[in-house]
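Each chain, letter by letter, is given below.
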Amino acid sequence: MKQKIMSGMRPTGKLHLGHYLGVIDNWVKLQDEYDCYFSVADWHALTTKYDKTESLKQDTIDVVTDWLACGIDPDKATIYVQSLVPETAELHIYLSMITPQNWIERDPTLKDMAKILKSKEGMASQINYGLMGYPVLMTADILTFNADLVPVGIDQVAHVELTRDIVRRFNNIYNTDFFVEPQPKLNNCSLICGLDGNKMGKSFHNDIKISDSAEVTAKKVMTAITDRSRMRKDDPGHPDECEVAFKYWKIFGGVNNGVNEVETVRCECEKGLRGCADCKRQLGAKINERMAEIRERRAYYEEHPELVEKIIKEGSQKARAEAQKVLSKVRELVKMY
């Protein structure tokens, strides 16, 4: 029997290359080896954007469309929307009853989110009950399927450790070994910065979206920061000081006809044989080459929105059926009526 994996994303709308390289590309590999449950975490979105829900449904559809375009296969993995599996909410209630307050308060991501919200004028009141409890809801997401593994980056391991703490406490209180202690499965994925050298994000206007056309992508790449010390095209360059473009080459470059493209770019740059504009034009072409098949699939799903809706509905029904098995056992252990 395959081990179970659970992971998810908030519905932030159309996704960018950071999502693809950092998360989705890894999911595509995992779905062949594990029993995967991938959630669009719309309840989590409400913890900070409860008053901005106008585009929530469309954002959810856009996220699933991007997943499908990137290669998440509904025949291999279960794609579902969190709020369409209400068993997760009930499980969250049971887990919240046994979770000490100080366990939640020590969560590093929650602390960071609270600081961000407090720093915004008039936003202190938005540190609400839902936000405070989101680490337990995240635990419920994982335990809804009694997942064995949770793919995370190194900065998210604390979330899984909290889940393991809650599992041990639940099993101890109710004298059971029903819940497994999920293990973090560290991503070995490429990380990509935004076009300005900062973290890539839609709100920073420095991203390349999965849904961007080849023309839009090429134009965006031309704005990428390079080696600030170069004044002329034939000045010797410093690839390791190139803030964005050379970092992208390390991700998208490869071996072509026996030639290592990354080393060729480095050598030509250092000798002043490669201008930054030409370099970025070639880089844009490499990115477009990588994204061509993904764009074709996305165009297909955009033309067939009813298929995306069907995948969401069927995946959520499948997820709910599995969740009901877990919740039935939990209710029995807790001695609910």
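The paragraphs below set out a description of the structure included in this document. (Residues numbered from 1 in each chain as written. Predicted model: local features only at pLDDT ≥ 70, side-chain atom pairs only at ≥ 80, totals over all residues. Heavy atoms only, no water.)

**Notes on the overall build of the protein**
Secondary structure summary: the protein contains 14 helices and 7 strands in total. Expected size for 337 residues packed as a compact globule is a radius of gyration near 20 Å; at 22 Å, the protein falls within 12% of this value. Dimensions along the principal axes, computed over C-alpha positions, put the protein at roughly 75 × 40 × 40 Å. Burial statistics for the protein: of 337 residues in total, 49% are counted as buried. Taking all contacts inside the protein whose residues are at least 6 apart in sequence as the whole, residues at least 24 apart take part in 78%. Taking the average location of the 47 positive side-chain charges in the protein and that of its 50 negative ones, the two points are 2 Å from each other. (Helix = DSSP H or I, 4+ residues; strand = E, 2+ residues; numbered from the N terminus. Rg over C-alpha atoms; globule rule 2.2 N^0.38 Å. Buried < 20%, exposed > 50% of the residue type's maximum accessible area, 1.4 Å probe, protein only. Contact = heavy atoms within 4.5 Å. Lys, Arg positive; Asp, Glu negative; His and termini not counted. Charge placed at Lys NZ, Arg CZ, Asp CG, Glu CD.)

**Side note on the nonpolar core**
Grouped together as the largest cluster of nonpolar side chains are 53 residues, with contacts concentrated most on Ile 24, Trp 67, Ile 72 and Tyr 248. Those residues within four positions of Ile 72 in sequence are excluded, and the remaining contacts are Ile 24, Trp 27, Val 28, Gln 31, Phe 38, Trp 67, Ala 77 and Ile 79. (Core = buried A, V, L, I, M, F, W, Y, C linked by side-chain atoms within 4.5 Å.)

**Topic: the packing of helix 13 (residues 276-303) against helix 14 (residues 305-334)**
Relative orientation of the contacting elements helix 13 and helix 14 amounts to 90°, with a least axis distance of 4 Å. Looking at the two axes, helix 13 sits roughly perpendicular to helix 14. On helix 14, the residues touching Tyr 300, Tyr 301, Glu 302 and Glu 303 of helix 13 are Pro 305, Leu 307, Val 308 and Ile 311. Of the residues that constitute the contact of helix 13 with helix 14, the class distribution is 6 nonpolar, no polar and 2 charged. (Axes fitted to C-alpha atoms, helices over the stretch in contact; angles between N-to-C directions. Parallel < 35°, antiparallel > 145°, perpendicular 65-115°, else oblique. Nonpolar A, V, L, I, M, F, W, Y, C, P; charged D, E, K, R; others polar.)

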